[in-house]
Amino acid sequence: MSHPEAQDLPLEVLAGRLRQLSGLTGKTDIQAPAAAFPHQPFPELGPDAALGDDAALLPPLAAPLLLACEGLHPALVADDPWFAGWCGVLVNLSDIAAMGGTPIAVVNSLWSRSPAHGAEVLEGLRRASEVFGVPVVGGHTNLHSPYDALAVAVLGTADGPVLSARAARAGDYCHLLIDPNGDFRGDSLCWDAATGAEPARLRRQLALMADLAADGSVHAAKDISMGGLVGTAAMFCEAAGCGLSLDLAAIHPPAGVGLEPWLTCFPSFGFLLAARPEQESRLAERVVACGGLLQARIGTFTAERRLVLNQEGRQEEIWRGEAPLTGFGALS
């Protein structure tokens, strides 16, 4: 039995229907990112590497690869689209840096309810790509979506030692490395130390993590994520299979910022580091030489698998290893 839609149509009718095919007309949304990003991110590879093909051609890499991906909070994408685009790049660059890596390229997937909203997201993506010198090489764009959403991924390399969170051990010092300059973004808990900073300083700070890995100042690290300092500390402990005793007196928020928001905010540059006690002075020297960052020893990793806060002789447990958090625990 033939399908009724399969009947032969006059050529002009068939052509008219094909011109209206959503799979064809929807491709015009791609004009927005085509107008936002440079078309030849790696000129040394010639025309084959120009954007517009089905996949991006990247330079050959000899080092192990790192791949990070983040989905942005829907409220951020809807309410602050430029910053969502900026953060989509920044958070992934931080994830690559947390492993001691160097970023190579960015891809994104954007769903937006209007071209105007999508343009703001793409402008934030473009600006971050430009500031940090990491090209956007592809992605997906839908500017007629029933919702707003953004996901971004970054590919990087690990040219030297990898800073896996699993490498932390009991007896290591836990250091906070953070950029205290800036302010909260609106009413959110996003600490923005980057959008108004000089690009050269931002690139230098982001490259610091790979430098710390290379010279052995640090051997384990974790990027401070949306869980804030405390949530990240718990994930650090879970991955390493150990505990962490944090000293709240060693954590100094910027002027005018309370302790709780500083413990729970998402900083534009913030890491927890694990270093042996004998590495402490070298770590401090490297951070001072980089400039603009706050580094402080805020605790010690312990054998007992629990996260505790200490303040004025009192102690409160935040997390215990018997209760999985992410489910990615230490390898046996």
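See the structure above.
Residues numbered from 1 in each chain as written. Predicted model: local features only at pLDDT ≥ 70, side-chain atom pairs only at ≥ 80, totals over all residues. Heavy atoms only, no water.

### With respect to the packing of aromatic side chains
Ring pairs (aromatic) are described by centroid distance and by the angle formed between their planes. Defined as follows: Two rings from Phe, Tyr or Trp (for Trp, the six-membered ring) form a pair when their centres are within 6.5 Å of each other. A pair whose planes differ by under 30 degrees is stacked, one over 60 is edge-to-face, and the rest are tilted. Strands are runs of DSSP state E lasting at least two residues, helices are runs of H or I lasting at least four, and both sets are numbered from the N terminus onward. Only protein chains enter the area calculation, which uses a 1.4 Å probe; residues under 20% of their type maximum are buried, those over 50% are exposed, and those in between are partly exposed. Each ring is checked for a lysine NZ or an arginine CZ that lies within 6 Å of its centre and within 35 degrees of its normal; such an atom marks a charge sitting over the ring.
Scanning the model with the defined rule gives six aromatic pairs in all. An angle of 85 degrees between the planes, with centres 5.2 Å apart, marks the rings of Trp191 and Trp262 as edge-to-face. Of this pair, Trp191 sits in strand 7 (residues 190–192) while Trp262 sits in helix 9 (residues 259–264), and the two are 71 residues apart along the sequence. Judged by its relative accessible area of 2%, Trp262 falls in the buried class. Linked through ring pairs, Trp82, Trp86 and Phe132 together constitute an aromatic cluster. Above the face of the Tyr173 ring, Arg297 is positioned so that its terminal group lies 4.1 Å from the ring centre.

### Looking at a nonpolar patch on the surface
Short version of the rule: Candidate patch residues must exceed 30% relative accessible area and have no salt bridge, after which like charges are joined if within 9 Å and Val, Leu, Ile, Met, Phe, Trp or Tyr side chains if within 5 Å. To be clear on the numbers: accessible area is Shrake-Rupley with a 1.4 Å probe, and residue cover counts the displayed protein chains and nothing else. The working definition used for a salt bridge is a side-chain nitrogen of Lys or Arg within 4 Å of a carboxyl oxygen of Asp or Glu.
Taken together, the side chains of Leu9, Leu11, Val13, Leu14, Leu18, Leu21 and Leu24 make up a nonpolar region of the molecular surface, amounting to roughly 620 Å² of accessible area. Broken down by element, the residue count for the nonpolar patch peaks at four residues, all from helix 1 (residues 11–19). Relative accessible area serves as the criterion here: at 48%, Leu24 is assigned to the partly exposed category.

### A short note on the sheet that holds strand 8 (residues 220–223)
The criterion, for reference: DSSP calls a pair of strands paired once it identifies at least 2 bridges connecting them. Helix axes use the C-alpha atoms of the stretch in contact, all axes being lines fitted to C-alpha atoms, and the angles between their N-to-C directions lie in the range 0 to 180 degrees.
One open sheet accounts for seven strands, arranged 8-11-5-12-9-13-14; its pairing is mixed. Each edge of the sheet is formed by a strand with only one pairing partner; in this case those strands are strand 8 and strand 14 (314–320). On average, each strand axis in the sheet is tilted by 25 degrees relative to the strand beside it, whichever way the strands run. Pairing of strand 5 (residues 173–178) with strand 12 (residues 294–302), which is carried by six bridges, proceeds in the antiparallel orientation. Within the sheet, the bridge partner assigned to Ile178 lies in strand 12 and is Leu294.

### With respect to unusual backbone geometry
Located in the positive-phi region is Glu312, a residue other than glycine, with phi close to 50 degrees. If you trace the backbone, Glu312 turns up in the loop between strand 13 (306–311) and strand 14.

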